[in-house]
Amino acid sequence: MSTTIELGVQGMTCAACVGRVERGLKKVEGVEDVGVNLATERAVITFDEGKTSPQALIEKVKDVGYEAVVSDIELPISGMTCANCVSRVERALKKQQGVLSASVNLASERATVHYLPTTVSPAQLKQAVRDAGYEVIETQQGTQQEDAEKKAREEELRKLKNQLTVASVFSIPLFLIAMVPMLYMPIHMWLMDRLGHWPGPWGDIMGMNLLMLALATPVQFGPGMRFYRGGWKALKHRSPDMNTLVMIGTTAAFVYSVVATFFPGIFPKGTAHVYYEASGVVITLVLLGKYFEAIAKGKSSEAMKKLLSLQAKSARVIRNGQEMEISVDDVRLMEQILVRPGEKIPVDGEVLEGQSFVDESMITGEPIPVEKTKSSKVTGGTINQHGVLTFKATRIGADTALAQIIKLVERAQGSKPPIQGLADKVVAVFVPIVLVIAVLTFLLWLIFGGENALSNALVHTVAVLIIACPCAMGLATPTSIMVGTGKAAELGVLFKNGEALEMLQKADIVAVDKTGTLTEGKPTLTDFVVQPGFNERDVLALVASAERSSEHPVADAIVKGAELRGVDLLKADSFNAVPGFGLEASVSGRKVQVGADRYMAKLGLDVSSFTQQAQNLGNEGKTPLYAAVDGKLAAIIAVSDPIKSSTPEAIKALQSMGLKVAMITGDNKNTAEAIGRQLGIDQVLAEVLPSGKADAVKTLQQQGKVIFVGDGINDAPALAQADVGLAIGTGTDVAIETADVILMAGDMRGVPNAISLSKSTLKNIKFNLFWAFAYNIVLIPVAAGVVQSTLGWSLSPVLAAAAMGLSSVFVLTNALRLRSFRPPVNVQDAGQNPVSSRTVQA
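Residues numbered from 1 in each chain as written. Predicted model: local features only at pLDDT ≥ 70, side-chain atom pairs only at ≥ 80, totals over all residues. Heavy atoms only, no water.

- The chain is annotated in an unreviewed UniProt entry as P-type Cu(+) transporter of Deinococcus cellulosilyticus.
- Among the UniProt annotations of the chain, the heading Catalytic activity (unreviewed entry) holds the following wording: "Cu(+)(in) + ATP + H2O = Cu(+)(out) + ADP + phosphate + H(+)".
- The record in UniProt for the chain states the following under Sequence similarities (unreviewed entry): "Belongs to the cation transport ATPase (P-type) (TC 3.A.3) family. Type IB subfamily." (UniProt positions renumbered as here; feature names shortened; annotations may be inferred.)

Structure follows, in structure tokens:
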């Protein structure tokens, strides 16, 4: 089947680019026609859907050197009640031409859609959701979006509460009238005396039946209408769900009872029983379960609420020389903002005037307030403590660090881990199978049910329909993910997706980059020894002058070391970095080359005269470097990067969890092994070039699944190669594309905490899934009456409804236990968590 899509293509500059894109796309199997327009930067592609896909076309565009334009949108959706609703919305979205992927989360009530904006619009996506029988909450960006979603959730909770109240007012007396007389005969006789003595075929119970009908009808066609609306839409789309099962089950009980009330003569004598209490009480109990479920869902997003509460609502800006307070949404880029002591910094920026200390613990987890002076960076959501600061806004709105953190958490909460695949496959066929079981239950009881065959068939069929509602299955995974990733955010750990959360707990080896991860990343110059014939100050001046043009931390250490020794720096005439080796520069007409021993070897210089010094320095954990002047070996240099105080504790915690710790570094073997011994690291991979880190990870992957921990910038290839890439950030570097997990603070203790939380979350998910599946596997046969003849066990529709509601509440409650997760490495002694009660109140 052929289809045509429009694909936005960025990066084309001329007709040759157009030709290359067209030729590349035509090579994709299944593509029938391609037209690329340079002016509109679009490709119109006709292809066979059976042979290729839009994703394959996007990959081909990237392959030929250009970028395809794709977008993401999140749609808040109301009206979903179970896993079948999730499946139906996903299918409706995926059917839209131009939708690459769609993921719907029942717990957060959101759909995340990855789509081609040139082929399908957000309006079309919203309409697809509405056509599937659900509502899209219309929102605006920023805080207004959260307010709109909050109001929608509150409105749904209010509706549920009102419907539950109405249903309870009628169903409680209905239940008492139906059940109490069976338990206490005097009450039965009293009711018969007041309501009995009807003539003809109706007999003494007619009055009772009419009273129960009067009580059941407002429930069935009042609060019960929500199940009719949802169930009928589901049937129209050939995707039955929880609403369908409740609708069929309660309607069968109600209609049967009406017939038995007015036409008892069509039933065998003594078998015209009514089940009004089943229909009314079942609807009430299902509503009660949904009400508790809605309350628990709100609690599951509590961490997100805390994050959102960190956002400042207003900002004090300086416009036309005047101070004015405005909404934070109205702040403009580069605008001057004034922050007084105790106030939240509204957006990210750079200090222009003033001096103060800022509490950044809610972002980085670091306990000690950070001094801010002119040119310092400040982060929105952090708290100014003492002085007055004036800064310019450098990032606003969705670009701020806090907004990016919130976006990452939302994305992780809306994603599906691989373990969800099993549940999705089962749910896709579960309800149709239940309907088949219900039909078989009815037929078998009708045939073999004896004197009360019809009423027995009805009761067991309704019980099967009610007990099998797949609510718990749909909530089992997303609620655990939601609470787990929210708790992780409180601990300063950001998971970018559910897959990373699941994979982290499967790791065998934690591979760690040394500089900036195990160490402070702020090396200092410790030793400088020159060869005979060279003057120490002259060589240091040349080396430091050459290094001044480099941005490497080691270069900064050498420059600062020279300045502390009172050496005057010279101007470098030229500079050239040699990645993985060192640098080359021209200073005052002299050629200066600085780097590791491998660089000297590459230059053909013999460093054996410094062998003993290099060995001694390495044994002290210092990194030896060499300097050559005018092609001659001139000096050996040593820098030392202090190990972070938190590193030993983190490594011990990882090893106590049964994990092997490996260090990957560019240091020479002696230095690397000295640091490895000092920290008790299991395996050291030394003298690894930056380009070789990914290969080092590959080597470790032969021993098991590998987590790589790096700074997220220089370690991108290794982060991408690892089974899970974990980047140690600084609070503002949260958009690292190659990492799967981000630690907001530069602290290794977050690694064992993240792994432990991953294990706890997966254990929680597995327990939820076990409960959701086991509950149905065990109780469906009981509801169908399979064990009634042997064990005497049966399940009334009322008990089935109660059990169904309890299963959902149980799953949600179990997921909420993750909120009490305690990290194995206690960071409280290092300060408050990124999101804490103290921080929020401040």
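Let us keep going from here.
1. Side note on the overall build of the chain
Reasoning step 1: Looking only at helices and strands, the chain features 29 helices and 30 strands.
Reasoning step 2: Residue burial in the chain is summarised as follows: out of 842 residues, 53% are buried.
Reasoning step 3: Across the chain, contacts joining residues at least 24 apart in sequence account for 68% of those joining residues at least 6 apart.
Reasoning step 4: Carbon and sulfur atoms provide 56% of the accessible area of the chain, an area that totals close to 36,600 Å². (Helix = DSSP H or I, 4+ residues; strand = E, 2+ residues; numbered from the N terminus. Buried < 20%, exposed > 50% of the residue type's maximum accessible area, 1.4 Å probe, protein only. Contact = heavy atoms within 4.5 Å. Areas by Shrake-Rupley, 256 points an atom, 1.4 Å probe, with all protein chains shown as cover.)

2. Notes on the UniProt feature "transmembrane region" (unreviewed entry) in the chain
Reasoning step 1: The UniProt entry lists residues 164-185, 205-224, 245-267, 273-292, 426-448, 454-477, 767-787 and 793-812 under the feature "transmembrane region" (unreviewed entry), expressed in the numbering used here.
Reasoning step 2: Secondary structure content for residues 767-787 is 86% helix and 0% strand, while the C-alpha to C-alpha distance between its ends is 26 Å.
Reasoning step 3: The straight-line gap between the two end C-alpha atoms of residues 793-812 is 28 Å; of that span, 80% is helix and 0% is strand.

3. Comments concerning the packing of helix α7 (residues 206-221) against helix α9 (residues 242-262)
Reasoning step 1: Running from N to C, α7 and α9 point in directions that differ by 150 degrees, and their axes come no closer than 10 Å. Put simply, α7 runs roughly antiparallel to α9. When the axes of α7 and α9 are compared, the crossing they make is left-handed. For the pair formed by α7 and α9, the contact residues are M206, N209, L210, L213, A216, T217, Q220 and F221 on the first element and T250, T251, F254, V258, T261 and F262 on the second. (Axes fitted to C-alpha atoms, helices over the stretch in contact; angles between N-to-C directions. Parallel < 35°, antiparallel > 145°, perpendicular 65-115°, else oblique. Left-handed = near helix turned anticlockwise from the far one by under 90°.)

4. Observations concerning the sheet that holds strand β7 (residues 110-115)
Note on sheets: strands pair through backbone hydrogen bonds, and any given pair is parallel or antiparallel.
Reasoning step 1: If you walk across this open sheet you meet the four strands as β6-β7-β5-β8, and the pairing is antiparallel. The open sheet has two free edges, formed respectively by β6 (99-105) and β8 (135-136), since each of these has just one partner strand.
Reasoning step 2: Where β6 lies against β7, six bridges are found, and the strand directions are antiparallel. Bridging from a neighbouring strand, A102 pairs with V113 of β7.
Reasoning step 3: The strands that helix α4 (residues 122-131) touches are β5 (71-78), β6, β7 and β8; relative to β5, the one it contacts most, it runs at about 30 degrees. (Pairing = 2+ DSSP bridges.)

5. Examining the pairing of strand β29 (residues 724-728)
Reasoning step 1: Of all five residues in β29, five are buried, a share of seventy percent or more.
Reasoning step 2: Along β29, one buried face is formed by V724, L726 and I728 and the opposite face, lined by G725 and A727, is buried too.
Reasoning step 3: In terms of strand pairing, strand β28 (residues 706-710) meets β29 through four bridges, oriented parallel. If you follow G710 over to β29, its bridge partner there is A727.
Reasoning step 4: In this structure, β29 lies alongside strand β30 (residues 741-743), joined through three bridges in parallel fashion. For A727, the partnering residue across the bridge sits in β30 and is I742.

6. Examining the environment of G516
Reasoning step 1: With respect to the helices and strands, the residue G516 is situated in helix α18 (residues 514-518).
Reasoning step 2: Classification of G516 as partly exposed rests on a relative accessible area of 25%.
Reasoning step 3: Taking C-alpha positions, G516 is 8.8 Å from D641, a pair spaced 125 residues apart along the chain.
Reasoning step 4: Here G516 is in contact with G521, D641 and K644, once residues within four sequence places are set aside.

7. Some points on the sheet that holds strand β14 (residues 370-372)
Reasoning step 1: Strand order in the open sheet formed by three strands is β14-β13-β16, and the pairing between neighbours is antiparallel. Edge positions in the sheet fall to β14 and β16 (383-384), since each of these pairs with one other strand and no more.
Reasoning step 2: Note: strand β13 (residues 356-359) against β16, two bridges, orientation antiparallel. Counterpart to D359 in the pairing with β16 is I383.

8. Topic: the side chain of D641
Reasoning step 1: Of note, D641 is situated in the loop between β25 (632-640) and α23 (647-656).
Reasoning step 2: No salt bridge is formed by the buried D641, whose closest oppositely charged neighbour, K514, lies at an N-O distance of 5.4 Å.
Reasoning step 3: Here T519 takes part through its side chain, which lies 2.4 Å from a polar atom of the side chain of D641.
Reasoning step 4: With sequence-adjacent residues up to four places away left out, D641 is seen in contact with T515, G516, T519, E520, G521, K522 and P523. (Lys, Arg positive; Asp, Glu negative; His and termini not counted. Salt bridge = Lys/Arg side-chain N within 4 Å of Asp/Glu carboxyl O. Polar contact = N/O pair within 3.5 Å; in protein donor to acceptor, adjacent residues only side chain to side chain.)

9. What to know about the confidence of the model for the chain
Reasoning step 1: Here the chain averages 82 in pLDDT, while 87% of its residues score no lower than 70.
Reasoning step 2: Note that residues 140-146 has pLDDT below 50 and, in this model, nine contacts with residues that lie over four places away or in other chains.
Reasoning step 3: Note that pLDDT drops below 50 for residues 731-735; the model gives that stretch 17 contacts with residues more than four away or on any other chain. (pLDDT = per-residue confidence, 0-100.)

10. Section: helix α8 (residues 225-236)
Reasoning step 1: Taking 1.5 Å of rise per residue, the 12 residues of α8 would be expected to cover 16 Å, and the 16 Å separating its terminal C-alpha atoms lies within 8% of that figure.
Reasoning step 2: For α8, every residue scored as buried is listed here: R226, F227, Y228, G230, G231 and A234.
Reasoning step 3: Positive backbone phi, at 55 degrees, marks R238, one or two positions downstream of α8. (Expected span 1.5 Å × (residues − 1).)

11. Thoughts on the packing of aromatic side chains
Reasoning step 1: Going through the model one piece at a time under the given rule, you end up with nine aromatic pairs.
Reasoning step 2: Ring plane angle 40 degrees and centroid distance 6.3 Å describe the contact between F610 and Y626, whose orientation is recorded as tilted. Pair noted here: F610 is in the loop between α21 (597-603) and α22 (611-619) and Y626 is in strand β24 (residues 623-629), with a separation of 16 residues, a long-range link.
Reasoning step 3: Classification of F610 as buried rests on a relative accessible area of 1%.
Reasoning step 4: We classify Y626 as buried; its relative accessible area is 4%.
Reasoning step 5: Ring geometry for F767 and F810: centres 6.0 Å apart, planes at 50 degrees, overall tilted. With F767 in helix α27 (residues 750-784) and F810 in helix α28 (residues 797-816), the pair connects residues that are 43 residues apart, well separated along the chain.
Reasoning step 6: Each residue in the set F221, Y228, F254 and Y276 is aromatic and connected to the rest through ring pairs, giving one cluster.
Reasoning step 7: Its end group placed over the ring of F581, K602 keeps NZ or CZ at 4.4 Å from the ring centre. (Phe/Tyr/Trp six-rings, centres within 6.5 Å; stacked < 30°, edge-to-face > 60°. Lys NZ or Arg CZ within 6 Å of the ring centre and 35° of its normal.)

12. Notes on the side chain of D48
Reasoning step 1: On the secondary structure map, D48 appears in strand β3 (residues 42-48).
Reasoning step 2: K51 is the oppositely charged side chain nearest to the buried, salt-bridge-free D48, at an N-O distance of 4.5 Å.
Reasoning step 3: The contact partners of D48, leaving out residues within four places of it in the chain, are M1, S2, G30 and E32.

13. Structural notes on a nonpolar patch on the surface
Reasoning step 1: On the surface, V436, V439, L440, L443, L444, L446, I447, F448 and L454 cluster together into a nonpolar patch covering about 850 Å² of accessible area.
Reasoning step 2: The residue F448 is located in helix α14 (residues 420-448) in this model.
Reasoning step 3: The exposure class assigned to F448 is exposed, which follows from its relative accessible area of 64%. (Patch = residues over 30% accessible without salt bridge, like charges linked within 9 Å, V, L, I, M, F, W, Y side chains within 5 Å.)

14. Considerations on the environment of L245
Reasoning step 1: Tracing the chain through its elements places L245 in helix α9.
Reasoning step 2: Judged by relative accessible area, L245 falls into the buried class, the value being 0%.
Reasoning step 3: Measuring from C-alpha to C-alpha, the distance between L245 and I467 comes to 9.1 Å, with 222 residues separating the pair along the chain.

15. What about unusual backbone geometry?
Reasoning step 1: Phi at S588 takes a positive value of approximately 50 degrees, unusual for a residue other than glycine.
Reasoning step 2: Relative to the helices and strands, S588 is located in the loop between β22 (582-587) and β23 (590-595).

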